[in-house]
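Structural overview
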Amino acid sequence: MDALLQHLVNGLVLGGTYALLGIGLTLIFGLMNLVNFAHGELYTLGAYATFAALALGGLNFFAAVALAIALGAVVGAACERLLLRPLRGESIDTTMLVMIGLWIALQNGELLAWGGVAKSIPHPFPTAPLTLGPVGIAPLRLFVMATALVLIVAAWLLIQRTRLGRAMRATFQDRETAALMGVRIDRIHTATFAFGSALAAAAGALLGPIFLAYPSMGDLASLKAFSVVILGGLGNLPGATLGGLLLGIAEELGAGYVSSGYRDAVGFVIIILVLLFRPSGLFTRAERIG
Amino acid sequence: MLKRWSWMLLVSLSVGALVAPAGFAQAPIRIGVIEPLSGPVAASGNYVRMGAEIARDWINARGGVSGRKVELVIEDNKSDPKEAASAAEKLIVRDKVPAIMGAWGSSMTLAAMPKLEEYGVPMVVETSSASTITKRGNPWIFRISPPSEMEALGLEQYLDKLAVKRADFLAVNTDWGRGAVTAFGDMLKKKGAAVGAAEFMDQKDTDMNAQITKIKGGGGDTLFLTTAVEQITLVLKQSQEQRLTRKIITTGGSSSPSQLIKQAGPAAEGSYHIVFFMPWFPEAMPDGKLAKAFVDEWTKRGHPFEGLTEGFRGHDGIATIAEAVKIAGKDEPKAIQAALWKVSFTGVNGPIKFEKDGPAGKESGQSKPSIFVVQIKDGKVALPDFLAKK
């Protein structure tokens, strides 16, 4: 029983990190209809930016995280402006290839800049766990969970409740009509991609200290983010959140009670089932097409 | 302006071409190297490469092998078995190397092995621990790293001192990790210790809390941990977060205790590590002078100290191949294969000499490397109490 409770808490915390990874991707995927393979690299960028700001710049932890998020937005905006804008109107395959190229280039750039040795990102939280009865949780993980929740709610509010959010939704539903209504669609494209990238960098900045920063860290993050997006449904923020939590708990229980060798398989079996029976995602209402 | 620059470039290139072969009249001996230079275990692979480069430079500074310069042709296997196989093929078919050193991980080495047999080129295995590598009947394999069984045997003598009564395992889900669990499990059972849970993690995994929670519920006193340094760091940190109170012993020699002290901090305190090189006290190695010289050269080149426990493998691997070429008197695969059986010298790890292993008639070569145990005490690497000289 004690072990079950601990497994559930672990799963929830792990799921929170998956949700954080998924929301940035689902935004870009769902709104822009763009398969962003470079998502994991912006995650890596966030982690390294935090490391650099802390170790080289001497900033405090929270300022470093904020700086990493800002940098993610800037790099995201630059990618959109330089790589994606010239390709607007091209088929989804073309942009997908460009994103794969960006992924490889960024990852190798990171390897060149930082070397292959993993970096440990210092953080100000005590390492001793907070315990409640039989269950323990590290303070840093609690902080990350809370921040992830704040970011998810903020992203949802931005999209649902602000003028910018409405313009984003309008642009990606019907570009011509939105343009006719006075929406500056170039800016909206840049803003959306920058926003999604900032969320990826935020995930890297927050999860980097829990794990380690190394050039290929984004690969696993991308894999999990895509899983979460498929579970939750494209562009669906609450879906990505619930999808993340579900994936985290499923992996944790699978590793705890079935076999840890099949941990990732548990996650993918769920995804296959979802694709078979609810292809538009677990948490989306049936959509009318055409 | 541009013209003058290209002119100067041309001159310096031709001067270089004229000067370089002086003393090395013949074509260089090209040795292939396959290491993970990118991907999850890139750090280790790069350290092995740095060690290999030291061996190459030392050999060339002494005048090469029978007057011929040694050259390394280095390929990245990207920490991926598929890439290891194609790297072997490329080195053999396109670069025509007569011998290879590689390929760090057991799964990567196993994937490259059929290519060696297909083309008949020997490979010196510098890191891989899975016992299957020398048991498959591939006569082109010569291993200088210890298989897990040998490592387990090396630890056996200290088992009482370590007071291991009941042990659990957490290992990377590869040929190496699975092999280590079997080898150490068998040794423990033979010595009358109980064997608890055997948990696995993917090479890319970063969150091992599920496995740790499960192990915590089992009630053993020792945890054997088999993976590369990145994952060891994460397991140590997450074990501390979950207050797992176990003796932790890492196997495989890729734990880089100095890096653990830096990155896991207090979470690494008290852990034991099986290593094959002790750069902290080189004088305690079989050839203290060589070990000291290697540490000094490594430091002089500005390589990170924590990489030494991997770096020596590269040195010993290249030194082994160079020795074989010297004995063979020519750089042909078949001659080098025959000569490897006659190699006998002392590397940074200790004496290197191959004995037959595997099915009769198709034996692989297996050297008997030296094995050491160190402990992290007060933020430093030390000999465990039961080994420290009084």
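Residues numbered from 1 in each chain as written. Chains lettered and ligands numbered in written order. Predicted model: local features only at pLDDT ≥ 70, side-chain atom pairs only at ≥ 80, totals over all residues.

1. Describing unusual backbone geometry
Residues and elements named next belong to chain B. Inclusion rule: Helix and strand assignments come from DSSP, with helices taken as H or I runs of at least 4 residues and strands as E runs of at least 2, each series counted from the N terminus.
The step from Gly-102 to Ala-103 runs through a cis peptide bond, and the omega angle for that step is -5°. The residue Ala-103 is located in the loop between strand E3 (100-102) and helix H4 (106-119) in this model. Even without glycine at this site, Ser-66 takes up a positive phi of about 40°. Turning to its location among the elements, Ser-66 is positioned in the loop between helix H2 (42-61) and strand E2 (70-76). Even without glycine at this site, Arg-243 takes up a positive phi of about 55°. Looking at where Arg-243 falls in the secondary structure, it is placed in the loop between helix H10 (229-241) and strand E9 (247-250).

2. Here's the deal with the sheet that holds strand E4 (residues 123-125) of chain B
Residues and elements named next belong to chain B. As a reminder of what qualifies: Here, strands pair whenever DSSP counts at least two bridges between them. Geometry is summarised by axes, namely lines fitted to C-alpha atoms with helices restricted to the contacting stretch, and by angles between N-to-C directions that run from 0 to 180 degrees. We call two residues in contact when their backbone-placed C-beta atoms lie within 7 Å.
Here we have eight strands laid out as an open sheet, ordered E2-E1-E3-E4-E5-E13-E12-E11, and mixed in their pairing. The open sheet is flanked by E2 and strand E11 (344-346), the only strands paired with a single partner. With strand direction ignored, the average angle separating the axes of adjacent strands in the sheet is 25°. As defined by bridge partners, E11 adjoins strand E12 (residues 351-357) across three bridges and the pair is classed as antiparallel. When the sheet's bridge partners are listed, Phe-345 is paired in E12 with Ile-352. Against the sheet, H2 contacts strand E1 (29-35), E2 and E3, and its axis sits at roughly 170° relative to E2.

3. Points about the pairing of E2 of chain B
Bridge count between E1 of chain B and E2 of chain B: seven bridges; the pairing is parallel. Across the sheet, Gly-32 of chain B pairs through a bridge with Val-73 of chain B, a residue of E2 of chain B.

4. Overview of the domain arrangement of chain B
Residues and elements named next belong to chain B. Rules: Boundary definitions for the domains trace back to an automatic or database domain assignment.
Assigned domains of chain B: these are domain 1 (27-146 + 288-367) and domain 2 (150-275). Relative to domain 2, the C-alpha centre of domain 1 lies at a distance of 28 Å. Counting from both sides, the interface comprises 18 residues of domain 1 and, opposite them, 21 residues of domain 2. If you tally residues by element for the side of domain 1 that touches domain 2, the top one is H4, at three residues.

5. Re the sheet that holds E9 of chain B
Residues and elements named next belong to chain B. Taken together, seven strands build an open sheet; the order of strands is E7-E6-E8-E9-E10-E14-E15 and the sheet is mixed. Two strands in the sheet have a free side with no partner beyond their single neighbour: strand E7 (194-201) and strand E15 (380-382). Taking each pair of neighbouring strands and ignoring which way they run, the sheet shows an average axis angle of 25°. Of the pairings in the sheet, the one linking E9 to strand E10 (residues 272-275) comprises two bridges and is parallel in character. Bridge pairing links Ile-249 to Tyr-272 in E10. Packing against the sheet, helix H8 (residues 175-190) makes contact with strand E6 (166-172), E7 and strand E8 (222-226), and its axis sits at approximately 165° to E6. Together, E10, strand E14 (372-377) and E15 form the strand contacts of helix H11 (residues 257-264), whose direction differs from that of E14 by roughly 20°.

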